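# Inside the fold
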Amino acid sequence: MEINVKESKIPRTMSTQHPDNVNVPAWSNGEIIDGNAEIYEAYFAYETLGCQEVMWDAEGKDVDTRVVRKLLDKYQEYFRAHIIGKDVFLTYRIPNPRIEVVERKVVVETLQNIPVAYDVAASFYQKDITPIFEVILPFTTDSRELIWLFNYYRKTIAADEEVALDESTTAKDWVGSFKPKTIGVIPLVEDFDSIISVDKIVTPYIDTVKPKNLRVFIARSDPALNYGLFCATLLSKIAISKLKNLEKTRDVSIHPIIGVGSKPFRGHMSPENVENFLSEYRGITTVTIQSAFRYDYPVEQVKECVKLLNDRLPNGKPTSVEPSEENALLGILQKCRTQYEGIIELLAPLVNSIAAYVPQRRARKLHIGLFGYSRNVAGINLPRAIPFSAALYSLGIPPELLGAKVLEDLNEQEWRITQKHYTNVTHDLGVVGGYVSWENINILMETTDKTAARVGMNQEKLDIVLTKLQDDLRVVEEKLEIKLGPKTPSQKRHENFANNFLIAYVEREDDEAKKSLVEAAKLRKCLG
């Protein structure tokens, strides 16, 4: 059943629609980017910024399935010189039918549009061009999901052309051939067990479909939300290493994609940190260029960084996780996860209350279910990773530091292994340490009764979580010798806005709170 998707260059930079930008681009009609603005955004990512790929996201939001037609109609000169599907790429992310039950038929709608896009491109270019030939499946946990998706397209979408309409006419005779005949499936692994066993998930798909190239998408934001910074970073390293080892035993080239945001909590992929990022995440082929990267930095700086990434990726071999290290890493991960979950369970009511002030940047839909578009962590509901981290930065409590007391619990060997596989840990925590607001923490400690009433949570639990938070900060200062608190003029201004935000929030001055939250986000160059 070898896949027929033609060999092509593997894109290095993937523009995505993650809503982590604080600044609204000048070409957007409003604060929420949607509709035709997203069509222009795709063109802008290709033509102006130099991104080689755009992820067209049907997971959790309405999306224009006629994107290829609109791009070719509106920007003919560019796309005649840059063939979509050959020089630049468009990749759908679809809902996972197992998870998003209400949206499962969106999968059908999206897949049905792939042959439509093919016909549009073939007419535009006057030759056979496949503009869309891969789709991303989020929340992949089982190889069968990948095979089901591959076979669904092959057997029900492409095979529709053979349906007999009467004794002498097939669907192909009436509406033409359905191309491409097959599509590639990109698994997106997001939960602890799936990331750590990604090799076992993709192996049956490789054996069944026999692709020459396989792209595997490793989430970095949701694992940070679910398990904390240390777990998310180490999990991604384990996954990249396992995929490299799998490549040696199968006749396939595996190309990891990593989904990262601007600040360390979500991967530390910003124009200010490109070199450190490339040294940290060795062995990847493609990196996401999210909205804050594109819109919260000067456009010339963004273009230079995108070009650098296009030139430098893939960036060498990953640091191998030796078999002797894997058990130790599992122990480290469990310690980190337990410490993080212990604080986040208590902090959740405050975070959820603050997250309501984070401005929307995309027209997200809220689904019903375990995951939906809020997240369930350790049995509690949390907002998505972006508003979650935005809420904490706005309080002057960087999410990177939650659960950091675990560093005190690691023995010498565990700490050595952690540093080996998270090489920039001190740098990353040093960067966000400047956003710690001791003044806000003191205000919270002194007004737990009033704050707890404002949040609608138990005062005793707020007291406990603030004590735990102080332990996390103490350990970072002692173990890593990082002085927490604002150092630069920008960080001091950030603390001023964080102070204003907290006071306005407690006093229910909503307009002032929202204004202060946005101004602080502008200084750190992202929402979350």
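In case you missed it, the structure is sitting above this.
First, a word on what this report is: a plain description of the structure on this page. Numbers given for residues are sequential positions, taken from 1 along each chain in its written order. Predicted model: local features are reported for residues with pLDDT of at least 70 only, side-chain atom pairs are reported and counted for 80 or more only, and whole-chain, interface and lining totals are derived from all residues. The side-chain numbers reported here are obtained from all heavy atoms of the structure, hydrogens and water having been left aside.

## Here we look at the environment of aspartate 251
For helices the rule is a DSSP run of H or I covering at least 4 residues; for strands it is a run of E covering at least 2, with both sets numbered from the N terminus onward. Relative to the helices and strands, aspartate 251 resides in the loop between helix H10 (229-249) and strand E7 (253-259). Expressed as a C-alpha distance, the spacing of aspartate 251 and threonine 319, which sit 68 residues apart in the sequence, is 22 Å. In what follows, a contact means two residues having at least one pair of non-hydrogen atoms within 4.5 Å. The residues touching aspartate 251, leaving out its near neighbours within four places in the chain, are Pro211 and Lys212.

## Side note on the sheet that holds strand E8 (residues 286-289)
Pairing between strands is defined by DSSP: at least two bridges between the two strands are required. As summarised here, the arrangement of the 8 strands in space is E1-E2-E3-E4-E5-E6-E7-E8, forming a closed barrel in which the pairing is parallel. Averaged over neighbouring strand pairs, the angle between their axes works out to 30 degrees when direction is ignored. The pairing of strand E4 (residues 134-137) with strand E5 (residues 184-189) spans 4 bridges and is classified as parallel. Within E5, the residue paired with valine 135 across the bridge is valine 185. For helices, the fitted line uses only the C-alpha atoms of the stretch in contact; every axis is such a line through C-alpha atoms, and the angle between N-to-C directions lies from 0 to 180 degrees.

## Some remarks on unusual backbone geometry
Proline 180 follows lysine 179 through a cis peptide bond whose omega is 0 degrees. Considering the arrangement of structural elements, one finds proline 180 in the loop between helix H6 (171-175) and E5. Of note, the amide linkage connecting leucine 313 to proline 314 takes the cis form, showing an omega dihedral of -5 degrees. Relative to the helices and strands, proline 314 is located in the loop between helix H13 (299-312) and helix H14 (323-355). Within the chain, phenylalanine 139 stands out as a residue other than glycine whose phi angle is a positive 55 degrees. Relative to the helices and strands, phenylalanine 139 resides in the loop between E4 and helix H5 (143-157). Here's how the labels work: a residue is buried when its accessible area is under 20% of the maximum for its type, exposed when over 50%, partly exposed in between, all with a 1.4 Å probe on protein chains only. Note on phenylalanine 139: relative accessible area 6%, which makes it buried.

## Observations regarding the side chain of threonine 288
Inspection of the secondary structure puts threonine 288 in strand E8. Polar contact is defined as a pair of N or O atoms within 3.5 Å, subject to the rule that within protein one atom must be able to donate a hydrogen and the other to accept it, and that residues adjacent in sequence are counted only when both atoms are side-chain atoms. Within the structure, threonine 288 has its side chain in polar contact with the backbone nitrogen of valine 260 (distance 2.8 Å). Sequence-distant contacts of threonine 288, that is, excluding residues within four places in its chain, are made with Met14, Thr16, Phe217, Ile258, Gly259, Val260 and Met269.

## Structural notes on the nonpolar core
If you look at the biggest cluster of nonpolar residues, it comprises 161 residues, and the most contacted ones within it are Leu71, Phe79, Val287, Phe388 and Leu402. By residue number, the principal contributor to this core is H14, which donates 15 residues. Setting aside chain neighbours within four positions, we find phenylalanine 79 in contact with Tyr43, Tyr46, Leu71, Leu72, Ile84, Val88, Phe124 and Tyr125. Residues Met14, Met55, Ile136 and Leu188 belong to the second largest nonpolar core, which totals 8 residues. Throughout, nonpolar core names a set of buried Ala, Val, Leu, Ile, Met, Phe, Trp, Tyr and Cys residues whose side chains join them through atoms within 4.5 Å.

## Observations concerning the packing of helix H8 (residues 198-209) against H10
A packed helix pair is summarised by two numbers, namely the angle formed by the two axes and the spacing between the axes. Where H8 meets H10, the axes come as close as 9 Å, and the angle between the chain directions of the two elements is 35 degrees. Every pair of crossing elements has a handedness; the one defined by H8 and H10 is right-handed. When H8 is examined against H10, the residues Val198, Asp199, Val202, Thr203 and Ile206 are found in contact with a partner set consisting of Ala239, Lys242, Leu243 and Leu246. For any pair of crossing helices, the crossing counts as left-handed if the nearer helix is rotated counterclockwise from the farther one by less than a right angle, and right-handed if it is rotated clockwise.

## Remarks on the state of the cysteines
Cysteine sulfur pairs qualify as disulfides if the two atoms are within 2.5 Å. In total, this model carries 0 disulfides according to the counting rule given. Unpaired in terms of disulfides, cysteine 231 finds its nearest cysteine sulfur in cysteine 336, a separation of 5.1 Å.

## As for a negative patch on the surface
Patch membership is restricted to residues that have no salt bridge and whose relative accessible area is over 30%. Joining uses 9 Å for like charges and 5 Å for the nonpolar side chains Val, Leu, Ile, Met, Phe, Trp and Tyr. A 1.4 Å probe and the Shrake-Rupley method give the accessible areas. Residues count as covered only by the protein chains that appear here. The rule for a salt bridge is simple: a side-chain nitrogen of Lys or Arg has to be within 4 Å of a carboxyl oxygen of Asp or Glu. Neither His nor the chain ends is counted toward charge; the positive residues are Lys and Arg and the negative residues Asp and Glu. Taken as the charge location is NZ of Lys, CZ of Arg, CG of Asp or CD of Glu. A grouping of Glu509, Asp510, Asp511 and Glu512 is seen on the molecular surface, where their side chains present a negatively charged patch. Mapping aspartate 511 onto the fold places it in helix H23 (residues 510-524).

## As for the side chain of arginine 524
In this structure, arginine 524 sits in helix H23. For the buried arginine 524, no salt bridge exists, and the shortest N-O distance to an oppositely charged side chain is 8.6 Å, to aspartate 296. Polar contacts involving the side chain of arginine 524 include one to the main-chain carbonyl oxygen of cysteine 526, which spans 3.4 Å. Not counting residues within four places of it along the chain, the set of residues in contact with arginine 524 comprises Lys263, Ala390, Tyr393, Ser394, Tyr435 and His494.

## Overview of the packing of aromatic side chains
Each pair of aromatic rings is reported with the distance of its centres and the angle of its planes. Here a pair means two rings of Phe, Tyr or Trp (six-membered ring of Trp) with centres within 6.5 Å. Their orientation is stacked below 30 degrees between planes, edge-to-face above 60, and tilted elsewhere. This model, assessed by the stated rule, comprises 21 aromatic pairs. Judged by centre distance (6.4 Å) and plane angle (35 degrees), the rings of phenylalanine 44 and tyrosine 295 are tilted. With phenylalanine 44 in helix H1 (residues 36-49) and tyrosine 295 in helix H12 (residues 291-295), the pair connects residues that are 251 residues apart, well separated along the chain. Taking the relative accessible area as the measure of exposure, tyrosine 295 reaches 10% and is therefore buried. Taken together through their ring pairs, the aromatic side chains of Trp27, Tyr40, Tyr43, Phe44, Tyr46, Tyr75, Tyr78, Phe79 and Tyr295 make up a single cluster. Charge over a ring is defined by NZ of Lys or CZ of Arg lying within 6 Å of the ring centre and within 35 degrees of the ring normal. Above the plane of the ring of tyrosine 281 lies lysine 237, whose end atom (NZ or CZ) is 5.3 Å from the centre.

## A word on the pattern of salt bridges
This model, assessed by the stated rule, comprises 30 salt bridges. With a shortest N-O distance of 2.5 Å, glutamate 145 and arginine 98 are connected by a salt bridge. Of this pair, glutamate 145 sits in helix H5 while arginine 98 is found in the loop between strand E3 (89-93) and helix H4 (104-125), placing the two residues 47 residues apart along the sequence. Here lysine 335 makes a salt bridge to glutamate 414, at a shortest N to O gap of 2.9 Å. Taken together, the residues lysine 335 in helix H14 and glutamate 414 in helix H17 (residues 412-421) connect sequence positions 79 residues apart.

That's the geometry; what it means functionally is another story.
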